[in-house]
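# Summary of structural features
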Amino acid sequence: MSLASIAIATTSRVFGQKEVDQNKLIVLAAPYGSGNSYQLLILEQLSDERPCWSESGANPVIVDPLLLQFDFTGICGRSTDSNGYSVRMAGRDFGLVYDLDVVRREGDLVLIATNITNRKAAVLEVGRTNGIPPSGQFAKINLNSGWRLTKRTQDNKELGHVYLTSDTVPPDINLSAFIDTQSHWARAYIDALAERGIVSGFSEDKTFRPDDPVTRVQFAAMLTKAFSSLPPRRERAGAAFKDVTPNFWGRRAIQTAYEIGFMSGYPDDTFKPNQDISRLEVLVALANGLNYSTTDTGVLSYFQDTAQIPDWASGAIAAATEKKIVVNYPRVQQLNPNRTATRADVAAFIYQALVDAGQLPVIPSPYVAAATPTTPMAPAAPKNPTTPPDAGIPTTPQSPATPVSPEAPLSTPSPQSPYAPGPSAAPVSPTNPGGIVVPTTPVTPQ
């Protein structure tokens, strides 16, 4: 069975495909404007109550869209723009990579797919009308060999979106490491880290799930894989956390992230491994673990939401910005510090940190914050002196220009602690939906 015939929608963010009766859909070159320009239109016969179109002639086949003459709700469907159709190849959605257009070419109307991310890539021919229709007439587009129509699925439910589908990709297309990152803004970062074994995906469906949130233990696992080979910037004795049992899958990663100064625990001797981590906390952790410092927090004026950055974190965020660690999608000047970090966010931050450490080459991106230092600013009074520590964040507010000191080791947990998991608690596995975001076994790209 080919990959393209399998619906791969196993998570809420992964689209699959469903084979459909090709006779129930038709691809048209639809006239617009003066009638001599054409755009793509796809019609679908949803029920047999009334025909949605009629065909006549040959080379080209002239189509009369009958649905324009009655209320076609529930009887016919139509896809008129890129919200209703897109290109899918080798089981992957290329909707953000290829743009579909109908163009005139040598006495014909040709449906082409143009790579909008790489203008040097070859233009794909998807189908032809086999002739120019009279002005103002609709013409049937016959799909080329190897192309067909399928329907988008999500959670195994059919959607209205239509795919122009091929089981293969052209030789100048490199498939992403994961089926759900082909068109993602962070694809280059994710692919580069996956190649080096720093991140990996979910073996059950070959996905990375780039927009899923990241927990503190998942972040610790990523940090350990990314920076364990670098010379330690700081070292401290290990800590025992009440909520990290000896058989917990992420215990070693948590210990390592703590010992080399990236992450810290809470005053109640817990680590809260399954708590989501914010973008601000990720950046502060990287700045702390890599000993970033700055004397100029004025660089933060680059961000339109700088007021959301707490005073105790301003020095770390300013230093991370100067080091070009900060990557903001979709608006480069919106830091969104309090938003939960996604797997894509963390991959981008870690990649940029490795670039600064001289470990990886620069990946050009319009989403890297390119602020420059301005004039030193006096640190403001802390807004909340009792801010709880999180990923590397100290219990006592620090001056924005002062590097954060590592915390002292936390005490040994008590067996009677209400925060300790029960003896029957099972370690989380890579195939468990609530489990590790960085599975121990990297996914083999298809």
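What comes next is a walk through the structure. It should be emphasised that the depicted structure is a prediction, and the values quoted were computed from it without experimental measurement.

Cut-offs applied
Residues numbered from 1 in each chain as written. Predicted model: local features only at pLDDT ≥ 70, side-chain atom pairs only at ≥ 80, totals over all residues. Heavy atoms only, no water. Pairing = 2+ DSSP bridges. Helix = DSSP H or I, 4+ residues; strand = E, 2+ residues; numbered from the N terminus. Contact = heavy atoms within 4.5 Å. Buried < 20%, exposed > 50% of the residue type's maximum accessible area, 1.4 Å probe, protein only. Phe/Tyr/Trp six-rings, centres within 6.5 Å; stacked < 30°, edge-to-face > 60°. Lys NZ or Arg CZ within 6 Å of the ring centre and 35° of its normal.

### Concerning the sheet that holds strand β8 (residues 92-93)
- If you walk across this open sheet you meet the 5 strands as β1-β14-β15-β7-β8, and the pairing is mixed. Each having just a single partner strand, β1 (15-19) and β8 make up the two edges of the open sheet.
- Note that β1 and strand β14 (residues 147-154) share 5 bridges and pair antiparallel. In the strand pairing of β14, E19 is matched with T150.

### Describing the environment of Y38
- Take Y38: it is sitting in strand β3 (residues 37-45).
- Note: C-alpha distance between Y38 and A139 (101 residues apart in sequence) is 9.6 Å.
- Ignoring anything within four residues of it in the chain, the contact list for Y38 reads A29, A30, P31, Y32, V102, R104, L109, P133, P134 and Q137.

### Concerning the environment of F94
- With respect to the element layout, F94 can be found in the loop between β8 and β9 (98-104).
- Residue classification places F94 among the buried positions, given a relative accessible area of 0%.
- Aside from chain neighbours lying at most four places away, what touches F94 is V87, R88, M89, V169, I173, L175, Q182 and S183.

### Considerations on the packing of aromatic side chains
- All chains considered together, the criterion is met by 11 aromatic pairs.
- Here the aromatic rings of F178 and F208 are separated by 5.1 Å at their centres, their planes lie at 35°, and the arrangement is tilted. Here the residue F178 occupies a position in the loop between β15 (157-166) and α1 (187-195), and F208 occupies one in the loop between α1 and α2 (216-227), the gap between them amounting to 30 residues.
- For F178, a relative accessible area of 1% gives the class buried.
- Owing to a relative accessible area of 0%, F208 belongs among the buried residues under this scheme.
- Through successive ring pairs, a cluster of aromatic residues spans W185, Y329 and Y367.
- The ring of F70 carries the charged tip of R50 above its face, separated from the ring centre by 4.0 Å.

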